[in-house]
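Structural characterization, general
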Amino acid sequence: MLAQLLHRSQLYRFIQLKRGRGTPTAGTVFLTHRRVYIMPTRSGLAFAVSLLLMLVGSINYQLSLGYMMTFLLAGTATVAMLHTYRNLVHLHIDAGKVDDAFAGDSARFHLHLHNPGHYERVAIEVRGGDSAARCDIRPRDSGTTVVAVRSERRGWLALPLLTIRTEYPLGLFRAWSYAHMDVRALIYPRPDDSELPPPEIVPAQGEATSIGQGSDDFYGLRPYQPGDSLRHIAWKAMAHGDVLLTKVFSGHGTAELWLDYDHLPHNMGREARLSRLTRAVLLAAEAGATYGVRLPGRTIEPAAGDAHFDACLRALALHELA
Amino acid sequence: MNAPFLLRFGSRTQTSTPDAPLALPHLMLLIGGIALATAPHIQRLPLWIAALAIAILLWRTWAAWHGGNLPRRWLLVPLTVLIIGGVYFSHRTLFGRDAGVTLLVVLLALKLLEMRTLRDVVVTTVLAYFLALSAFFYSQRPTTAFITLGTIMLLTSALVAINAPHRPLRAHFKTAGMLLAQGIPLMVILFFLFPRIQGPLWGMPADAFSGMTGLSDSMSPGNISALSQSDEIAFRVQFDGAAPPREKLYWRGPVFWQYDGRTWRAGDVAQSPQYRFESSGVPVRYSVTLEPHNRTWLFGLEMPASLPDNAYATADYQLLSRAPIRARTRYELQSYLDYRAQGGASAEELDAALALPAEFNPRTTALARSWRNSAASDADVVNRAVAHFRTGGYRYTLYPPLATSADSVDEFLFDKRMGFCEHYSGAFVVLMRAAGVPARVVTGYQGGEINPVDGYMTVRQSDAHAWAEVWLGRIGWVRVDPTAAAVPIRTSEGLAAAVPTDEAPQALIRLDAPWLRTLRFNFEALSNYWNQWVLGYDIERQRTLLTRFGMPTPDWQNIALSLFWTMGLVVLLLSLWLLRRVTHADPAQVAWLAFCKKLRKRGLARHASEGPIAYASRVAIARPEQAQAIVTIARLYAELRYGPQTDARRIARLARMVQRFRP
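So, a few notes on the structure that sits alongside this text. (Residues numbered from 1 in each chain as written. Chains lettered and ligands numbered in written order. Predicted model: local features only at pLDDT ≥ 70, side-chain atom pairs only at ≥ 80, totals over all residues.)

Time to look at the overall build of chain B. Of regular secondary structure, chain B possesses 24 helices and 20 strands. Burial statistics for chain B: of 663 residues in total, 36% are counted as buried. Partitioning the intrachain contacts of chain B with sequence separation of at least 6 by distance along the chain shows that 73% fall at a separation of at least 24. (Helix = DSSP H or I, 4+ residues; strand = E, 2+ residues; numbered from the N terminus. Buried ≥ 20, exposed ≤ 12 C-beta atoms within 10 Å, placed from the backbone. Contact = placed C-beta atoms within 7 Å.)

Residues and elements named next belong to chain A. Here helix H6 (residues 270-287) spans 26 Å end to end across 18 residues, near enough to the 26 Å set by a 1.5 Å rise per residue. Among the 18 residues of H6, 14 are classified as buried, and the element is accordingly described as predominantly covered. Two residues or fewer after H6 comes Gly 288, characterised by a positive phi angle close to 75°. (Expected span 1.5 Å × (residues − 1).)

Residue and element names in this part refer to chain A. As paired elements, strand E16 (residues 290-295) and strand E17 (residues 298-303) share four bridges and run antiparallel to each other. Across the sheet, the residue bridging to Val 293 is Ile 300, located in E17. In this structure, the hairpin formed by E16 and E17 is closed by a connection of two residues, where Gly 297 is found at a positive phi of approximately 85°. (Pairing = 2+ DSSP bridges.)

What follows covers the nonpolar core. Core analysis: the biggest nonpolar cluster contains 125 residues, and Phe 71, Phe 109, Leu 259, Val 281 and Ala 284 of chain A together with Val 105 of chain B have the highest contact counts within it. Broken down by element, this core gets its largest block of residues, 13 residues, from helix H4 (residues 64-88) of chain A. Beyond its immediate sequence surroundings of up to four residues, Ala 284 of chain A is in contact with Leu 257, Leu 259, Ala 289 and Tyr 291 of chain A. (Core = buried A, V, L, I, M, F, W, Y, C linked by C-beta atoms within 7 Å.)

Most peptide bonds adopt trans geometry, and most residues besides glycine take a negative phi value. In this structure, Pro 169 of chain A follows Tyr 168 of chain A across a cis peptide bond, with omega equal to 5°. Inspection of the secondary structure assignment puts Pro 169 of chain A in the loop between strand E10 (162-166) and strand E11 (173-179). The omega torsion of the bond from Glu 302 of chain B to Met 303 of chain B falls at -10°, within 30 degrees of zero and hence cis. Its location among the elements puts Met 303 of chain B in the loop between strand E9 (300-301) and strand E10 (311-313). For Ala 123 of chain A, which is not a glycine, the phi torsion comes out positive at approximately 55°.

All names here are of chain B. At a closest axis distance of 10 Å, the pairing of helix H4 (residues 73-91) and helix H5 (residues 97-112) adopts a crossing angle of 160°. Relative to H5, the element H4 lies roughly antiparallel. H5 is crossed by H4, and the crossing has right-handed handedness. Along the contact surface, H4 presents Leu 76, Thr 80, Ile 83, Val 87 and His 91, while H5 presents Asp 98, Ala 99, Thr 102, Leu 103, Val 106 and Leu 110. (Axes fitted to C-alpha atoms, helices over the stretch in contact; angles between N-to-C directions. Parallel < 35°, antiparallel > 145°, perpendicular 65-115°, else oblique. Left-handed = near helix turned anticlockwise from the far one by under 90°.)

Next up on the list: the interface of chain B and chain A. Contacts between the two partners involve 51 residues from chain B, matched on the other side by 53 residues from chain A. Elements with a minimum of two residues in the side of chain B that touches chain A: helix H6 (118-134), helix H7 (142-163), helix H8 (169-193), helix H18 (514-535), helix H20 (556-578) and helix H23 (627-642) of chain B. Ranked by residue count, the leading element in the side of chain B that touches chain A is H8 of chain B, at 10 residues. A per-class count over the side of chain B that touches chain A returns 37 nonpolar, 11 polar and three charged. (Nonpolar A, V, L, I, M, F, W, Y, C, P; charged D, E, K, R; others polar.)

Another point: the pairing of E11 of chain A. Residues and elements named next belong to chain A. Burial within E11 is extensive, with six of its seven residues counted as buried. Summarising the sheet, strand E2 (residues 37-40) and E11 pair through four bridges and their orientation is antiparallel. Looking across to E11, one finds that Ile 38 is bridged to Ala 175. Bridge count between E10 and E11: five bridges; the pairing is antiparallel. Bridging from a neighbouring strand, Arg 165 pairs with Trp 176 of E11.

All names here are of chain B. Read across the open sheet, the five strands follow the order E12-E7-E2-E18-E17; overall the sheet is antiparallel. For this open sheet the edge positions go to strand E12 (329-335) and strand E17 (449-450), each flanked by a neighbour on one side alone. Bridge count between E17 and strand E18 (residues 457-460): two bridges; the pairing is antiparallel. Each bridged residue has a counterpart across the sheet, and for Ile 450 the counterpart in E18 is Met 457.

Next comes the structure, spelled out in structure tokens:
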């Protein structure tokens with residue numbers, strides 16, 4: 001009975017939300033009137049103090065119009081409080097797509113804010129982690145904001161507790177709410193910037209496959225030189241560094257690469273090896289090679305394509321975590 | 001964090017104003033608001049301050065336009081100190097009403113030069129609201145109210161602008177206008193129900209009440225005629241029933257006993273404590289709305305028979321307020337127009353009513369003695385004097401010739417024979433005293449004009465008048481108006497008709513074109529309405545109003561309580577209206593949620609992070625036989641939900657497909 005009362009109380013909910021306890025909400029978060037909070041801002045307090053001074057002045061000098069102006073401003077501030085509250089309440093928040101990232105980069109969480117109301121929502125600020133984004137949403141329309149959360153290590157990165165807030169229209173009050181969304185981004189190991197070539201290539205299933213000197217198969221990367229074909233620039237790799245690289249292709253036939261954790265130098269730690277393998281996967285995928293990944297306790301058979309690429313990165317990201 | 005901050009102050013090469021937290025149009029809003037708030041004060045400010053404020057506003061506008069740099073702090077601080085010193089030099093003080101307004105103007109202008117953060121903008125806006133309010137210290141006319149409303153509009157728009165800087169100017173005006181419009185009902189409630197307190201809360205600065213016009217506490221030749229040229233309103237009267245005839249409208253004010261040969265004063269007469277007279281007939285009931293005149297006189301028709309609150313009466317029938325009238329004051333009175341005023345006639349008082357400086361006006365004294373010697377009674381003396389004024393060829397003028405000798409009454413009575421009411425009443429009382437009839441001078445107003453629009457009578461400074469009272473034993477103090485005897489038209493038609501047409505001052509020429517009269521009456525009725533219900537709304541009015549609305553004891557607790565409930569109710573209604581629940585959600589979303597629910601029952605729940613397309617592809621793999629329908633639904637939904645426009649037919653199609661879908 002007591003516990004039930006406790007759970008229904010506003011303060012309890014507030015503290016739970018604020019601490020990021022409570023269960024994250026799957027799906028749409030709807031900002032009901034019970035979870036939107038409102039308080040005066042510092043400007044609001046200053047405004048209140050000056051209204052009080054205006055009132056005292058009007059009383060002292062018996063200024064009827066002074067009373068009137070003070071009361072007009074007080075009435076406007078009260079109405080502004082309602083508008084600030086209304087600007088936020090009854091908003092739907094949907095998690096949209098998540099841009100996964102390499103450790104150290106920012107994972108980008110797309111959030112769809114839907115305004116079911118008949119009025120525009122203005123200057124809605126969404127804060128999560130250390131980023132903040134503002135947006136306006138037209139009546140019965142949706143808007144998208146992106147919250148970028150800086151990642152530190154590989155693995156799952158949950159979207160931190162979101163604060164959605166607004167001070168519109170007058171900045172005298174701040175309405176805010178918390179949303180604890182059940183969304184996470186996958187953070188891949190940070191690809192290291194080691195020298196090429198990629199890790200040792202081991203013949204698959206005992207069948208020796210050597211790297212030939214043909215024209216079709218990817219061999220590695222070298223710095224871009226004027227005259228290189230634009231088709232051979234490693235755009236994807238470039239995105240992670242600022243050097244233009246040109247793909248170098250080798251030999252003939254299909255190369256089947258094994259990217260093997262155990263074949264990396266023994267003095268490398270686990271994270272360093274995963275970083276190295278990540279880079280190798282990137283390079284191999286870039287080249288369109290057929291490659292497999294072998295991790296302690298997990299083997300991904302050689303293949304190619306986006307789904308395979310994702311599976312490999314996922315395995316690397318979650319190795320010995322999940 | 002620190003680097004850009006340093007850069008801001010250190011770099012001299014920057015061309016834009018990176019320290020302006022306001023975009024140009026929004027800064028213009030703020031500058032416009034400040035300019036409008038300063039405008040009503042501009043004439044009153046010391047010239048150099050006015051010039052400086054205008055210069056700073058113009059320069060700031062130019063700087064915002066061309067991206068000039070704002071002055072650095074090391075320059076601003078000494079500049080501020082210097083200017084404040086200048087304000088002290090101009091006003092000899094930093095406190096009080098005028099110096100306070102000057103300081104506010106200066107600080108606002110300087111603050112405009114130092115707007116580096118959003119906080120500065122808010123502080124500037126709040127200061128500007130203060131300046132806008134201070135205009136009411138000087139004038140509470142409707143025009144001032146309109147200017148201030150414009151100022152409030154601009155400043156509120158500026159506040160909106162800094163909270164949504166990305167929106168167009170028009171949107172800010174619209175938002176601010178809407179907020180103010182919705183604030184008006186709350187303003188009205190607060191205005192009428194906020195418990196009024198009788199001010200002032202503390203001593204008023206000495207300069208607060210300069211420049212009020214009205215009767216003075218002495219009468220010397222020229223001061224009433226000077227007052228008569230003013231068209232300003234002295235008070236307004238609302239009669240219960242019909243107004244008495246014009247000839248009977250003597251509004252009694254200060255009474256003068258002491259004469260020094262030139263000036264009449266109240267004197268320090270030891271007065272009897274009682275205020276008494278015999279009345280007959282029906283009393284006239286009326287209420288007076290007195291304009292502030294910074295003295296204690298309350299004007300009433302002769303003779304007042306009731307006492308307003310916070311007032312007392314003297315034996316010579318003056319009504320006096322306990323505090324100077326510094327705000328428009330309203331009081332109820334009843335008067336008997338037929339009376340016998342026998343109070344205030346002790347031996348000392350009668351002696352004082354006979355005192356004359358001996359050495360002046362020998363011809364007047366001789367004339368009075370000749371009447372005395374041949375007259376049968378005091379009343380006969382009075383009649384002879386009145387007859388003298390009626391037949392003596394006296395003329396009425398606003399511009400009486402200046403007295404050339406110390407015997408000013410002699411000069412008026414025998415040589416110049418031209419004068420204004422103060423000459424007539426003064427000379428009459430001197431004659432009476434010289435003839436041994438106790439007499440005194442009474443000043444006040446005579447007449448008044450009924451406004452047919454609202455039925456109020458308006459009494460102006462131009463109606464200021466002086467008359468006399470003589471003591472006739474059993475009959476008591478009797479009013480004698482020598483001006484009326486000499487110039488009867490003065491009391492029957494008013495001043496403008498009595499003075500020669502070529503000297504009637506501009507203010508007194510009541511343009512007789514009927515439409516102009518109508519216009520004037522309407523305007524004055526409007527302005528009276530404004531005075532009565534807006535400016536004159538005080539404790540008394542509040543209590544009267546609330547009693548009429550059925551509050552039995554309108555003390556401040558009850559008023560506060562009613563304010564609380566009314567405000568609560570209106571805010572509640574307003575929020576119900578503003579927050580009226582959205583009953584119909586997006587129909588596309590309703591359909592989509594139904595679709596997700598159907599799949600969830602089959603164990604194919606959507607993950608939170610899955611968009612519609614990703615979800616559909618996953619589900620389509622699990623249910624290949626229905627892949628076509630699933631993908632179509634998801635596509636349709638995504639287009640409707642996140643696409644640029646909605647389309648009723650496609651929403652209907654989506655709903656139909658979801659309805660038919662059987663996983």
